[in-house]
Amino acid sequence: MTGQRSPKDFFRPLAVGAPEPLREVPARPSRAIHFFDPSNAKMAAKVPQMVGTVDVLLGNLEDAVKADNKEAARHGLVQIARDTANLGGGSGPTQLWTRINALDSPWVLDDLTTLVAEIGDQLDVVMVPKVQGAEDIHYVDRLLAQLEARAGLTRPILVHAILETARGVVNIEEICGASPRMQGLSLGPADLAADRRMKTTRVGGGHPGYVVREDPVLTSDNVETSQRRTYQQDLWHYTIARMVDACAMHGIYPYYGPFGDISDPVACEDQFRNAFLLGCVGTWTLHPSQIDIARRVFSPSVDDVRHARRVVAAMGDGTGAVMLDGKMEDDASLKQCLVMVELAEQLAGIDPELKEQYDAIEVDA
Ligand SMILES: CC(=O)SCCNC(=O)CCNC(=O)[C@H](O)C(C)(C)COP(=O)(O)OP(=O)(O)OC[C@H]1O[C@@H](n2cnc3c(N)ncnc32)[C@H](O)[C@@H]1OP(=O)(O)O
Ligand SMILES: O=CC(=O)O
Ligand SMILES: [Mg+2]
């Protein structure tokens, strides 16, 4: 228990007058967390039209925003939040998140004090980069409580950590459980690769050199008979799998992060789909062209929803074993199908196009 609050104190506000922490993280669709630079006039101008077309709009203040533009980005985000209808605040169609600067940077204190004071009632989630351990979350947790109390906020702002240092990966469970504010984790493959001293130069995705080669087929004279194929492997499998387990254990949500090769939508879709299949609920989108990919990949397909509903119908009270299309289904496969059915229902609640597709599904026995 060293350094942790006792169970009875865990859900107490960390400042007098701060809102009560939530006991459950709201399950709000967040298939695409769309990044924009609030200091970039062209991007900022697009934000109002994007409300309702993307689950989360994230005003990025950290990496990818020039040092000279940090203040302009912070103030730009305040302006955009004020001027954009239905953005953030817990109920609208599109959440408002921000990625603050790193906790050791000269900008982060002003990021938090300004944003909570000016647009705290609209901010749903603060994404914290380069989180190393529970101590980083504890710092943000207490400061947010003080700022919320001062601003008179009635709803707590949630916290999302980017996993992008080796120490952060080692401390992943304590990060996820550090505060009731914890909403989720994203993979930060670019910073993580640098911190681990990996020999890649990309922002997410695979690498042609990271392969497994098939065994040789030899003649009786030990001569290879054919060319040996190689199979590219996923550099991020280990980290994403750890994130999924840590998040599931703590009732929070895992996300893939950035896919930097904007010109390769096919590989982007593959990376997103791997994350979806492993248990992630969404991803970042860096360019408008990635939004449709994320929405498509992180929404269950009509075929999967049809199959899942058939299993639910066939399983009756949910116990025992049945045969469906030559396959055994039982309590455990039913639970997987319920994950799919519940996600489809949740997404249908906010996405009319998906609702129409899912409503049209006919389930034969
Ligand atoms: C490792 C990490 O930390 S990843 C997270 C940090 N990185 C980011 O947030 C990057 C965000 N994205 C970007 O900065 C840009 O998309 C870039 C630099 C990758 C490409 O930008 P551009 O070269 O302008 O792309 P492109 O010319 O294809 O843009 C087409 C239009 O979409 C706009 N656009 C591009 N990205 C975005 C965006 N993220 N949100 C809204 N609009 C955008 C452009 O302004 C342009 O507008 P226009 O038609 O009015 O001229
Ligand atoms: O912030 C993201 C990353 O990949 O680094
Ligand atoms: Mg990073």
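None of these values were measured; they are calculated from a predicted model.

1. Concerning the site of ligand 2
Then step 1. Near ligand 2, the surroundings consist of Arg99, Glu164, Gly188, Pro189, Ala190, Asp191, Pro258 and Trp284.
Then step 2. One of the backbone nitrogen or oxygen atoms of Asp191 is found 2.8 Å away from an oxygen atom of ligand 2.
Then step 3. If ligand 2 stood free it would expose 190 Å²; the protein chains cover 93% of that surface.
Then step 4. The element contributing the most residues to the shell around ligand 2 is helix H7 (residues 189-195), with three residues.

2. Remarks on the sheet that holds strand E9 (residues 253-255)
Then step 1. Across the sheet, which stays open at both edges, the eight strands sit in the order E9-E6-E5-E4-E3-E2-E1-E10 with parallel pairing between neighbours. The open sheet terminates on both sides in strands that have one partner only, identified here as E9 and strand E10 (283-285). Between one strand and the next, the sheet's axes are offset by a mean angle of 25°, whatever the strand orientation.
Then step 2. Note: strand E6 (residues 182-187) against E9, three bridges, orientation parallel. Paired with Leu185 across the strands is Pro254, a residue of E9.

3. A few points about the packing of helix H2 (residues 70-83) against helix H3 (residues 108-119)
Relative orientation and spacing of two packed helices are given, respectively, by the angle between their axes and the distance between those axes.
Then step 1. As a packed pair, H2 and H3 sit with axes 10 Å apart at the nearest point and diverge in direction by 15°. Taken together, the axes of H2 and H3 are roughly parallel relative to one another. As for how H2 packs across H3, the hand of that crossing is right-handed. Along the contact surface, H2 presents Arg74, His75, Leu77, Val78, Ala81 and Arg82, while H3 presents Asp110, Asp111, Thr114, Leu115, Glu118 and Ile119.
Then step 2. Within the contact of H2 with H3, the residues separate by chemical class into five nonpolar, two polar and five charged.

4. Side note on the UniProt feature "domain: HpcH/HpaI aldolase/citrate lyase" (unreviewed entry) in the chain
Then step 1. According to UniProt, the positions carrying the feature "domain: HpcH/HpaI aldolase/citrate lyase" (unreviewed entry) are residues 33-202.
Then step 2. The span residues 33-202 carries 42% helix and 18% strand; its end-to-end C-alpha distance comes to 20 Å.

5. Some thoughts on the coordination of the magnesium ion (ligand 3)
Then step 1. Distances from the magnesium ion (ligand 3) to its protein donors, Glu164 (OE) and Asp191 (OD), fall at 2.1 Å. With a gap of 27 residues between them, Glu164 in the loop between strand E5 (158-163) and helix H5 (166-170) and Asp191 in helix H7 connect regions that are remote in the sequence.
Then step 2. For Glu164, a relative accessible area of 3% translates into the label buried.
Then step 3. On the accessibility criterion, Asp191 (24% relative accessible area) is partly exposed.

6. Some details on the state of the cysteines
Then step 1. With the rule as written, the count across this model stands at zero disulfides.
Then step 2. Sulfur of Cys176: no disulfide; nearest cysteine sulfur belongs to Cys247 and is 4.3 Å away.
Then step 3. Judged by its relative accessible area of 0%, Cys247 falls in the buried class.

So, how was this worked out
- Residues numbered from 1 in each chain as written.
- Chains lettered and ligands numbered in written order.
- Predicted model: local features only at pLDDT ≥ 70, side-chain atom pairs only at ≥ 80, totals over all residues.
- Heavy atoms only, no water.
- Near = heavy atom within 4 Å.
- Polar contact = N/O pair within 3.5 Å; in protein donor to acceptor, adjacent residues only side chain to side chain.
- Areas by Shrake-Rupley, 256 points an atom, 1.4 Å probe, with all protein chains shown as cover.
- Helix = DSSP H or I, 4+ residues; strand = E, 2+ residues; numbered from the N terminus.
- Pairing = 2+ DSSP bridges.
- Axes fitted to C-alpha atoms, helices over the stretch in contact; angles between N-to-C directions.
- Parallel < 35°, antiparallel > 145°, perpendicular 65-115°, else oblique.
- Left-handed = near helix turned anticlockwise from the far one by under 90°.
- Contact = heavy atoms within 4.5 Å.
- Nonpolar A, V, L, I, M, F, W, Y, C, P; charged D, E, K, R; others polar.
- UniProt positions renumbered as here; feature names shortened; annotations may be inferred.
- Donors = N, O, S within 2.8 Å, 3.2 Å for Na, K, Ca; no water.
- Buried < 20%, exposed > 50% of the residue type's maximum accessible area, 1.4 Å probe, protein only.
- Disulfide = S-S within 2.5 Å.

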